[in-house]
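Chain and residue survey
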Amino acid sequence: MIKKFLFSALTIAFFAVPWIWSPARDWAPGLAVLAGIVFSVLWGNPFVERTSKYTSNLLGATIVGMGCGMDLVKVLKAGGSGFLYTLTGIIFGITLAALLGKWLKVTKNTSYLIGVGTSICGGSAIAAASPVLKAKAHETALASATVFLLNAVALWIFPVIGRHLGFDQQQFGYWAALGIHDTSSVVGAAMAYGEEALEVGMTVKLARALWIVPVTLYLAWFVAEKDENDKKFKLKVPWFIPCFILASAVVTLLPKMVPSSAEEVAVCGSFIKNLSKYLMISTLFLIGANLKKDKLKELGIRPFLLGIILWLFLAAMWCCAIYFKLVP
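Here we summarise the structure given alongside this text.

Criteria and thresholds
- Residues numbered from 1 in each chain as written.
- Predicted model: local features only at pLDDT ≥ 70, side-chain atom pairs only at ≥ 80, totals over all residues.
- Heavy atoms only, no water.
- Helix = DSSP H or I, 4+ residues; strand = E, 2+ residues; numbered from the N terminus.
- Rg over C-alpha atoms; globule rule 2.2 N^0.38 Å.
- Buried < 20%, exposed > 50% of the residue type's maximum accessible area, 1.4 Å probe, protein only.
- Contact = heavy atoms within 4.5 Å.
- Areas by Shrake-Rupley, 256 points an atom, 1.4 Å probe, with all protein chains shown as cover.
- Lys, Arg positive; Asp, Glu negative; His and termini not counted.
- Charge placed at Lys NZ, Arg CZ, Asp CG, Glu CD.
- Expected span 1.5 Å × (residues − 1).
- Salt bridge = Lys/Arg side-chain N within 4 Å of Asp/Glu carboxyl O.
- Axes fitted to C-alpha atoms, helices over the stretch in contact; angles between N-to-C directions.
- Parallel < 35°, antiparallel > 145°, perpendicular 65-115°, else oblique.
- Left-handed = near helix turned anticlockwise from the far one by under 90°.
- Nonpolar A, V, L, I, M, F, W, Y, C, P; charged D, E, K, R; others polar.
- Disulfide = S-S within 2.5 Å.
- Polar contact = N/O pair within 3.5 Å; in protein donor to acceptor, adjacent residues only side chain to side chain.

The next thing to look at is the overall build of the chain. Helix and strand counts for the chain come out as 16 helices and 0 strands. The C-alpha radius of gyration of the chain comes to 19 Å, within 12% of the 20 Å expected for a compact globule of 328 residues. Projected onto its principal axes, the C-alpha positions of the chain cover 60 × 50 × 45 Å. The 328 residues of the chain split such that 52% are buried. In the chain, the share of contacts with a sequence separation of at least 24, taken over all contacts with a separation of at least 6, comes to 83%. Accessible area of the chain: about 15,800 Å², with a carbon and sulfur share of 69%. One finds the centroid of the 29 positive side-chain charges in the chain at a distance of 6 Å from the centroid of its 17 negative side-chain charges.

Structure follows, in structure tokens:
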């Protein structure tokens with residue numbers, strides 16, 4: 001009962017404290033995921049079945065909620081401008097993962113899963129690619145644990161490096177979206193940097209997540225081992241991406257269609273965005289708490305080393321491109 005009470009209290013605290021006390025907003029996202037990991041590893045997650053089941057949907061709901069406070073034109077502009085950069089990063093990431101995997105003697109499936117997770121959108125991409133590659137359970141677990149731990153590190157160090165290099169809000173938003181794996185960590189890091197960074201980072205990242213579909217097709221046709229008894233696989237696009245665009249469209253277009261509602265829509269959209277933003281911090285705590293001790297034990301040094309090298313390469317590549325203004 002004490003463990004359940006402490007876990008529940010921390011979940012509520014990570015939602016309420018940053019909302020009420022503004023100085024906590026810069027460090028709350030990073031502390032939340034770290035606290036979740038520590039709690040799970042040391043004491044165990046007392047609600048692990050529920051958090052494992054509902055966390056992904058909660059994450060999606062917070063992303064959609066934040067779309068209620070964003071202008072659709074800016075969303076589409078940011079997503080479109082990141083198209084070429086995203087494609088470049090995916091090609092580099094997956095190719096480098098395959099080459100490094102051979103050099104480090106990591107299994108082909110694990111190498112591609114880490115490459116896809118690093119290049120597109122972390123756990124969602126790994127989950128989509130695993131059945132296509134016919135990956136074994138331990139290969140999926142290794143890739144997921146590797147990407148997850150690096151996400152947690154990125155959430156902490158990206159804002160620090162961004163401020164040291166003097167990145168403005170837009171620059172950091174692009175770097176977070178292109179250099180961090182998982183959507184939740186992109187949002188957490190960008191949230192700690194500022195409102196504009198959050199908007200740019202989230203929209204470019206969601207556009208990046210759409211590449212799950214063509215990359216999964218590529219893996220099915222050119223990488224996966226063929227089997228005559230193979231069943232057709234289903235392509236999955238994260239549901240929160242179209243819902244995010246729809247929410248943004250409603251708050252942008254409704255005031256133009258019904259001018260008298262402009263003030264009410266703006267107030268309501270801003271409230272939902274703020275509510276979702278702080279709910280995201282609690283979600284980061286739950287995401288961290290989903291890391292089980294046995295997954296850490298399964299994590300081999302070679303897959304982890306592959307993930308580190310790949311992530312450092314991509315993060316440094318985009319950092320340099322943004323710093324020298326090759327990326328707007």
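There's more to say after this.
Turning our eyes to something else, we now look at helix H6 (residues 108-121). Here H6 spans 19 Å end to end across 14 residues, near enough to the 20 Å set by a 1.5 Å rise per residue. Summarising burial for H6: 13 of the 14 residues are buried, a large majority. Once H6 finishes, Gly122 follows within two positions and takes phi at roughly 60°, a positive value.

So, about the environment of Ala207. Residue placement: Ala207 occurs in helix H11 (residues 195-209). Residue classification places Ala207 among the partly exposed positions, given a relative accessible area of 23%. Separated by 144 residues in sequence, Ala207 and Ile63 place their C-alpha atoms 13 Å apart.

Within the fold, Gly36 resides in helix H2 (residues 28-42). We classify Gly36 as buried; its relative accessible area is 0%. Beyond its immediate chain neighbours, meaning those up to four positions away, Gly36 contacts Phe285, Gly288 and Ala289.

As a further point, take the environment of Ala189. Position of Ala189 among the secondary structure elements: in helix H10 (residues 183-193). Overall, the relative accessible area of 0% leaves Ala189 in the buried class. When the C-alpha positions of Ala189 and Gly60 are compared, they lie 17 Å apart, and in sequence the two are 129 residues distant.

With that out of the way, let us pick up the pattern of salt bridges. If you walk through the whole model with that rule in mind, you get 3 salt bridges. Glu195 serves as the salt-bridge partner of Lys277, at 2.3 Å between the closest nitrogen and oxygen. Taken together, the residues Lys277 in helix H14 (residues 262-289) and Glu195 in helix H11 connect sequence positions 82 residues apart. By relative accessible area, Lys277 is classed as buried at 7%. Residue classification places Glu195 among the partly exposed positions, given a relative accessible area of 38%. A salt bridge links Lys273 to Glu199; its shortest N-O distance comes to 3.2 Å.

The interhelical angle for the contact between H10 and H14, taken along N-to-C directions, is 130°, at an axis separation of 10 Å. Overall, the two elements H10 and H14 adopt an arrangement that is oblique. Crossing angle aside, the handedness with which H10 passes H14 is left-handed. Between H10 and H14, the residues in contact are Ser184, Val187, Gly188 and Met191 and Lys277, Met280, Ile281, Leu284 and Ile287, respectively. Of the residues that constitute the contact of H10 with H14, the class distribution is 6 nonpolar, 2 polar and 1 charged.

On to the state of the cysteines, then. Per the counting criterion, the structure on display carries 0 disulfides. Unpaired in this structure, Cys243 has its nearest cysteine sulfur neighbour in Cys68, at a distance of 10 Å. The cysteine Cys319 is free of any disulfide, with Cys320 supplying the nearest cysteine sulfur at 5.7 Å.

Of note, Thr62 is situated in helix H3 (residues 48-67). Using a relative accessible area of 1% as the deciding quantity, one classes Thr62 as buried. A distance of 2.6 Å separates the side chain of Thr62 from the backbone oxygen of Leu59, its partner in a polar contact. With sequence-adjacent residues up to four places away left out, Thr62 is seen in contact with Ser276, Leu279, Met280 and Thr283.

Below, the discussion takes up the packing of helix H1 (residues 2-20) against H14. Viewed as axis vectors pointing N to C, H1 and H14 meet at an angle of 145°, and their least axial separation amounts to 9 Å. Along this stretch, H1 crosses H14, giving a crossing that reads as right-handed. Between H1, through Phe7, Leu10, Thr11, Phe14, Phe15, Pro18 and Trp19, and H14, the contact on the second element is made entirely by Phe271, Leu275, Tyr278, Leu279, Ile281, Ser282, Phe285, Leu286 and Ala289. Considered class by class, the residues forming the contact of H1 with H14 number 14 nonpolar, 2 polar and no charged.

This part takes up helix H13 (residues 240-257). Compared with the 26 Å implied by 1.5 Å per residue over 18 residues, the 25 Å span of H13 between its first and last C-alpha is a close match. Here H13 has its buried residues at Phe240, Ile241, Phe244, Ala247, Ser248, Ala249, Val251, Thr252 and Pro255.

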